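# Observations on the three-dimensional arrangement
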Amino acid sequence: MTTKWNVYESFQALLQAGPYHLALEGVLILCIIWLFTAKKKPSRLIRLTKKEEEDLIAEWIPEPLVPNPPEADHPSLNTRTVYGKVGRYIDLGTGEKVLNLGTHSYLNLGERPEVEEAALQCLHKYGVGSCGPRGFYGTTQVHLELEDRLAAYFNCEMGVLYSYGFSTIASAIPAYSKSGDIIYADEMVNFPIQKGLHASRSRIVFFRHNDVEHLEELLKEQVILDKKDPKKANATRKFMVVESIYMNTGKMCPLPELVKLRQKYKLRLFIDESITFGTLGENCRGITDYFNIPMKEVDMIMATLETTAASTGGFCVGTKFVIDHQRLSGLGYCFSASLPPMLAASVIKVIDILETEGPALMQELHDKCRQLHVALSTLPDKVELSGDDISPVKHLRLKESTGVREEDEAILRKIVEKAEKYGIALTVAAYLRDQEALPPPPSIRVTANKDLTKEEISKAFKALQQAIDDVIE
């Protein structure tokens, strides 16, 4: 049925409308008429003379690309350079070899001839790099073999390989935890983990370092909140992220107690095994092997290959369901060029060595860690030692802080410079203070390796002792 516009009926309806309605319509009609009829004044152009233009340009001060740039003498802008191969002894440009106590190659496997030979053989076959992400012609047979070997080594269903250690952990966490989820993390987790936590956009709850009781208090508080809103609680996933041995403190996490809380409060557990891969446990499989924790109690293990494996890159291992998800959601996996095949081949050879010689190598390392720990514990009371005795990573901190972080770092840096003159290469732990969740106190990070001799440990102790006495009065 067609309808026609009836002018008379429309006029009658308009008369029945209230006075405010009529006034509003009248104002709107007048505004429309004004928009169409009003004459627009042309904008007045101000023409400057050539001299005025040059004066304005001379007065203009552009905003710096980097606000508050550091001073030219900032330590990060004046890094030490290693000349030649990096190993147990290094040349820092003086022509003399100094003992390297800053390396994270705890088993010195990068200096093994068979590891170097495996990398060279792969180099001749595959070239330097794949020059593409894993999903775009970046996958070689070596990558697939290494993933299978890593999964078998940790008694897991599947492994996934990344080309950069930092992006491994920073990508793995946000691949699972999303906005609305909750992550419980130790306050001393390393910076890659912190970036992964931030990227997840989840609610981050930090518990005190290795304080299981504090963690349970936080979990109990969440249980109370969940009871108030069961619908939201059912949709909220909860994660726990810890390190096996913390890079920032050198202390081991209390995994058995954490596993009990995981079972009780239904948490998903992620462990960073970067330090303990190949250096802990009866079969060198890390902290789960050390405490005899079944792999079913851990949802995912993450680690870098830039420590014991003496390579670069990183990996995650777990169930097939969990790991497959990263091939689509792990940003570091999807968008980064794949690990150079020759480095993957060297890691395969490292796994061969760990499977055959691992327990003996690990025992040597633990002996050297204990010896170094005892030696550092007897240093002058001006510094204090942090870290477990079998941890290959230890920290030396000032016993009495100046109260100013920059001044503490400057003192520690002078100690490192003095120690270098006495033949020991050390490093001050570096932190991005404005981005760290809780920046650890300034420290000298000291690392142990299995090839240290008693004479070298004694030399390191004397060098540090002398350097501390020279710097701190």
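Analysis parameters
Residues numbered from 1 in each chain as written. Predicted model: local features only at pLDDT ≥ 70, side-chain atom pairs only at ≥ 80, totals over all residues. Heavy atoms only, no water. Axes fitted to C-alpha atoms, helices over the stretch in contact; angles between N-to-C directions. Helix = DSSP H or I, 4+ residues; strand = E, 2+ residues; numbered from the N terminus. Left-handed = near helix turned anticlockwise from the far one by under 90°. Contact = heavy atoms within 4.5 Å. Nonpolar A, V, L, I, M, F, W, Y, C, P; charged D, E, K, R; others polar. Pairing = 2+ DSSP bridges. Salt bridge = Lys/Arg side-chain N within 4 Å of Asp/Glu carboxyl O. Buried < 20%, exposed > 50% of the residue type's maximum accessible area, 1.4 Å probe, protein only. Polar contact = N/O pair within 3.5 Å; in protein donor to acceptor, adjacent residues only side chain to side chain. Expected span 1.5 Å × (residues − 1). Right-handed = clockwise from strand over helix to strand, strands pointing away. Phe/Tyr/Trp six-rings, centres within 6.5 Å; stacked < 30°, edge-to-face > 60°.

The next subject is the packing of helix α7 (residues 165-172) against helix α8 (residues 191-200). Each pair of packed helices can be summarised by the angle the axes make with each other and by the distance between the axes. Between α7 and α8, the shortest axis-to-axis distance is 7 Å and the interhelical angle comes to 35°. Considering the relative orientation of α7 and α8, their crossing is right-handed. In this structure, α7 contributes Phe 166, Ile 169 and Ala 170 to the contact, and α8 contributes Phe 191, Pro 192, Ile 193, Lys 195 and Gly 196. Grouping the amino acids of the contact of α7 with α8 by side-chain chemistry returns six nonpolar, one polar and one charged.

Take the pairing of strand β2 (residues 97-100) next. Two elements, strand β1 (residues 89-91) and β2, share three bridges in a ladder whose sense is antiparallel. Paired with Tyr 89 across the bridge in β2 is Leu 99. Connecting β1 to the antiparallel partner β2 that follows it, the hairpin turn spans five residues, and Gly 93 within it adopts a positive phi of roughly 105°. Taken together, the two bridges between β2 and strand β12 (residues 424-425) define a ladder with parallel strand orientation. Paired with Leu 99 across the bridge in β12 is Ile 424.

Okay, the pattern of salt bridges next. A complete count under the given rule lists 26 salt bridges for this structure. Among the ionic pairs, Glu 116 bridges to Lys 85, the shortest N-O distance being 2.3 Å. Of this pair, Glu 116 sits in helix α4 (residues 113-126) while Lys 85 sits in the loop between α3 (50-59) and β1; the two residues are 31 residues apart in sequence, bridging distant segments of the chain. Residue Glu 116 is classed as partly exposed on the basis of its relative accessible area of 33%. One salt bridge connects Arg 149 with Glu 355, and the closest N-O pair in it is separated by 3.0 Å. Note that Arg 149 is positioned in helix α6 (residues 141-153) and Glu 355 in helix α15 (residues 341-377), a separation of 206 residues in sequence. Take Glu 355: its relative accessible area is 46%, and that puts it in the partly exposed class.

Right, let's get into the sheet that holds strand β4 (residues 182-186). A sheet is described by the order of its strands in space; here seven strands give the open sequence β3-β9-β8-β7-β6-β4-β5, paired in mixed fashion. Each edge of the open sheet is held by one strand with a lone partner, namely β3 (158-162) and β5 (203-207). Strand after strand, the sheet turns through a mean of 20° between neighbouring axes, direction not considered. Here strand β7 (residues 268-272) runs beside strand β8 (residues 300-304); their pairing, made up of three bridges, is parallel. Residue pairing in the sheet places Asp 272 in a bridge with Met 302 of β8. Seen against the sheet, α6 touches β3 and β9 (314-318) and runs at an angle of roughly 130° to β3.

Inspection of the secondary structure puts Arg 134 in helix α5 (residues 134-138). A distance of 2.9 Å separates a polar atom in the side chain of Arg 134 from a polar atom in the side chain of Glu 147. Setting aside residues up to four positions removed in sequence, Arg 134 forms contacts with Thr 139, His 143, Leu 144, Glu 147, Leu 161, Arg 327, Tyr 333, Ser 336 and Ser 338.

The next thing to look at is α8. Most of α8 is tucked away, with seven of its 10 residues classed as buried. Within α8, burial applies to Phe 191, Pro 192, Ile 193, Gln 194, Gly 196, Leu 197 and Ser 200. The inward-facing, buried residues of α8 abut α7, β4, β5, β6 (238-243) and β7. Sitting at the head of α8, Asn 190 places a side-chain oxygen 3.0 Å from the backbone nitrogen of Ile 193.

Let us look at α6. In an α-helix, one turn spans 3.6 residues; hence positions three or four apart end up facing the same way. For α6, with 13 residues, the first-to-last C-alpha span of 18 Å sits near the 18 Å given by 1.5 Å per residue. When we look at burial in α6, the residues that qualify are Val 142, His 143, Leu 146, Glu 147, Arg 149, Leu 150, Ala 151 and Tyr 153. In the stretch just after α6, Asn 155 is the one whose phi turns positive, near 55°.

A separate point is unusual backbone geometry. For Lys 266, which is not glycine, the phi torsion reads 55° and is therefore positive. Mapped onto the elements of the fold, Lys 266 is located in the loop between α11 (255-265) and β7. With phi around 55°, Asn 292 is a residue other than glycine that occupies positive phi space. Counting through the fold element by element, Asn 292 comes out in the loop between α12 (287-290) and β8.

This paragraph deals with the pairing of β7. On a regular strand, each side chain points to the face opposite its neighbour's, so the side chains alternate between the two faces of the sheet. Among the five residues that make up β7, four are buried, leaving the element largely enclosed by the rest of the structure. Where β6 meets β7, five bridges bridge the pair, whose relative direction is parallel. Opposite Val 242, over in β7, you have Ile 271 as the bridge partner. Once the chain exits β6 it traverses α11 before rejoining the sheet at β7, and the crossover so formed is right-handed.

Applying the stated criterion to the full structure yields 11 aromatic pairs. Where Tyr 164 meets Phe 166, the ring centres are 6.2 Å apart and the plane angle is 20°; that geometry is what we call stacked. A relative accessible area of 46% places Tyr 164 in the partly exposed class. In this structure Phe 166 comes out as partly exposed when scored by relative accessible area, which is 28%. Both rings, one in Tyr 290 and one in Phe 291, keep their centres 5.0 Å apart while their planes meet at 85°; by these two values the pair is edge-to-face. Since its relative accessible area comes to 28%, Phe 291 is described here as partly exposed. Through pairs of rings, three or more aromatic residues link up here, namely Tyr 153, Phe 154, Phe 277 and Phe 315.

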